[in-house]
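Tertiary structure, described
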Amino acid sequence: MTSIQSSDPGQAPLQKLRAYLHTTQVLGSIHSALYYDQNTAMPAAGAEWRGEQLALLAQQLHGRQSSGAYADLLSAAEEQWDGTSGPMGRNLQLLRQDFDRQHRLDAALVGHIAQAQAQGYARWQEAKAKGDFSLFALSLQDLVGLRQEQARQLAEPRSCWETLAQPFEPDISKVRLDALFAPLRRELPALIERARSAASRQPLARWDLPESSQQKLCQELLNGWGFDPNRCQTARSPHPFSCTLGPADFRITTRVVAGQPLSALLATAHEWGHSLYEQGLPRSGDHYFPWPLGDATSMGVHESQSLFWECRVGRSQAFAQRLEPSIVAAWHLANPGGGANPGSSPWRNSQGFWRCLNPLEPGMIRVEADEISYCLHIVLRYELELALLEGDLPVAELPGQWNRRMAELLDLRPAHDSEGCLQDVHWSEGLFGYFPSYALGHLISAQLGEAMERDLGGAGSIEARVAKGDEASLKQWLVEHVYPLGRQVNGEELVKQVSGKDLRAEPFLAYLRAKLERLVAP
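Residues numbered from 1 in each chain as written. Predicted model: local features only at pLDDT ≥ 70, side-chain atom pairs only at ≥ 80, totals over all residues. Heavy atoms only, no water.

1. Details of the environment of Leu293
Structurally, Leu293 is set in the loop between helix H10 (263-280) and helix H11 (299-314). Look at Leu293 and you get buried, because its relative accessible area is 1%. Measuring from C-alpha to C-alpha, the distance between Leu293 and Leu281 comes to 8.9 Å, with 12 residues separating the pair along the chain. When residues no more than four places from it in sequence are discounted, the contact partners of Leu293 are Pro87, Arg90, Asn91, Leu94, Pro282, His287, Tyr288, Gly486, Arg487 and Gln488. (Helix = DSSP H or I, 4+ residues; strand = E, 2+ residues; numbered from the N terminus. Buried < 20%, exposed > 50% of the residue type's maximum accessible area, 1.4 Å probe, protein only. Contact = heavy atoms within 4.5 Å.)

2. A short note on helix H19 (residues 491-499)
Among the residues of H19, Gly491, Leu494, Val495, Val498 and Ser499 are the ones counted as buried. Projected onto a plane normal to the axis of H19, the buried residues spread over an arc of 100 degrees and lie on a single side. Of the surrounding secondary structure, the elements contacted by the buried residues of H19 are H11, helix H16 (436-456) and helix H18 (471-481). Looking at where H19 begins, the residue whose side-chain oxygen comes 3.2 Å from the main-chain nitrogen of Glu492 is Asn490. Following H19 by one or two positions, Gly500 adopts a phi angle in the positive range, close to 85 degrees. (Arc of directions from axis to C-beta. Polar contact = N/O pair within 3.5 Å; in protein donor to acceptor, adjacent residues only side chain to side chain.)

3. Here we look at the confidence of the model for the protein chain
Averaged over all residues, the pLDDT of the protein chain is 93; the fraction at 70 or higher stands at 97%. Counting interchain partners and residues more than four positions distant, the pLDDT-below-50 stretch residues 1-7 has 12 contacts. (pLDDT = per-residue confidence, 0-100.)

4. Observations concerning the layout of surface pockets
The gaps of empty space that remain are located by a probe, the size of a water molecule, rolled over the atoms. Roughly 380 Å³ of internal volume is contained in the second largest pocket. In terms of lining residues, the second largest pocket is bounded by 18 residues, among which Arg312, Glu453, Gly460, Tyr511 and Arg518 are the most central. Counting only elements with at least two residues in the lining of the second largest pocket, the list comes to H11, H16, helix H17 (461-467) and helix H20 (506-519). Classifying every residue of the lining of the second largest pocket by side-chain character gives nine nonpolar, three polar and six charged. (1 Å grid on protein atoms, 1.4 Å probe; cavity = no way out; pocket = protein on both sides within 12 Å on 5 of 7 lines; lining within 4 Å. Points joined across faces, edges and corners; volume = space filled by probe spheres on them. Nonpolar A, V, L, I, M, F, W, Y, C, P; charged D, E, K, R; others polar.)

Set out below in structure tokens:
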């Protein structure tokens with residue numbers, strides 16, 4: 001392993017640059033560790049001090065990534081390489097691009113953003129717990145202003161929102177998103193209505209499981225999908241997430257929601273999909289860690305991996321049939337008088353249990369939403385971000401606009417702000433530009449799924465592998481075709497390279513139509 005610091009003046013420029021990047025990665029991992037602690041274990045009163053810690057680290061990282069010394073190292077490495085082809089050429093191209101962005105930002109602004117993020121997260125938690133947006137409004141106003149200033153300083157030939165979206169989805173534009181989202185806006189409402197109609201004819205009984213049972217089921221799922229306790233750890237947080245703290249340190253969190261006995265399991269499957277992608281990225285070799293090529297392609301690709309494991313595997317009929325006996329046993333243990341015989345359950349049969357994993361009623365909460373309505377949740381957030389950053393929507397009017405648009409898109413009306421504009425953590429950290437990656441993840445997952453089935457035996461082969469408990473072969477396909485690409489390409493280029501076709505909405509819509517017909521069958 002390369003040493004953290006190198007003072008050997010005889011080292012080649014690329015070696016010096018690599019040592020410099022290694023130290024930057026170490027500092028970044030410290031920042032991630034503090035963030036993970038903030039979300040999982042830090043007491044609420046620690047928020048102000050944590051904000052100072054994160055601000056200091058953010059400024060130091062920004063300084064390293066925008067300093068004259070770093071610029072000299074990068075220029076020397078570019079001169080040594082004297083070319084833009086091949087993996088190292090791509091690394092240097094990405095480093096120059098990232099340097100130019102960092103160099104344009106004022107260090108004081110970087111510190112202010114980090115502090116506002118920590119304070120915003122603390123105020124969001126309080127506001128969400130009390131269902132009172134006014135407790136968070138000032139923090140959100142500060143974050144909107146800071147991010148607008150960030151876009152002004154970056155001065156890219158893009159709109160404010162597009163500029164902020166680039167770190168999440170390189171090369172994305174509003175025009176491209178509108179083209180990809182148009183078929184979803186056009187076709188999803190009819191599918192939602194068909195699902196609603198079926199749900200009204202086939203209502204699900206209410207049931208629940210104790211937290212201990214849910215945690216046990218989550219761990220069983222992880223163990224079956226390759227969880228290594230020497231490299232991985234789980235915890236609880238207000239909003240589930242995945243976090244990589246180092247080349248061999250992977251963390252995920254989940255949460256237990258009262259009255260939603262499968263929520264923690266599905267959240268665990270989702271976050272483990274993120275973690276599997278992180279664990280599979282190229283972390284060794286001359287051109288990878290700590291070079292950019294070892295990083296994730298984009299957040300859309302990242303989300304495609306979490307959604308593949310949550311939806312294509314975890315919500316599949318084959319997995320439901322395998323999982324049901326464990327759920328029945330857990331339910332009977334918690335409800336010893338709940339059924340006349342050991343096999344009885346609130347959902348009556350395996351088809352009923354599959355519907356429990358795939359609710360047909362549009363969910364009020366995005367992370368609990370069904371696959372059919374999910375992308376309209378994202379459209380809602382995307383439109384509101386544009387209005388906040390580039391339009392004339394005052395922060396104070398966000399709750400009302402949220403409720404109005406949710407009624408228009410999904411025919412849902414939040415009872416309080418915690419069900420509405422406070423439900424997601426992202427805006428508490430000023431992560432504007434992130435949300436569309438969730439919808440892109442659905443589209444990418446479906447198109448990669450088609451390519452996977454083409455290679456593994458044709459239509460239905462994913463379900464067939466899951467039925468046999470052979471998730472390992474699905475992971476192996478991803479290891480071979482998706483994980484190694486890292487930042488060699490952007491998200492749409494990855495899809496084209498793996499599937500042979502440009503990214504489009506139709507594979508996802510076709511998947512939804514076919515699944516819905518099976519779900520509503522008697």
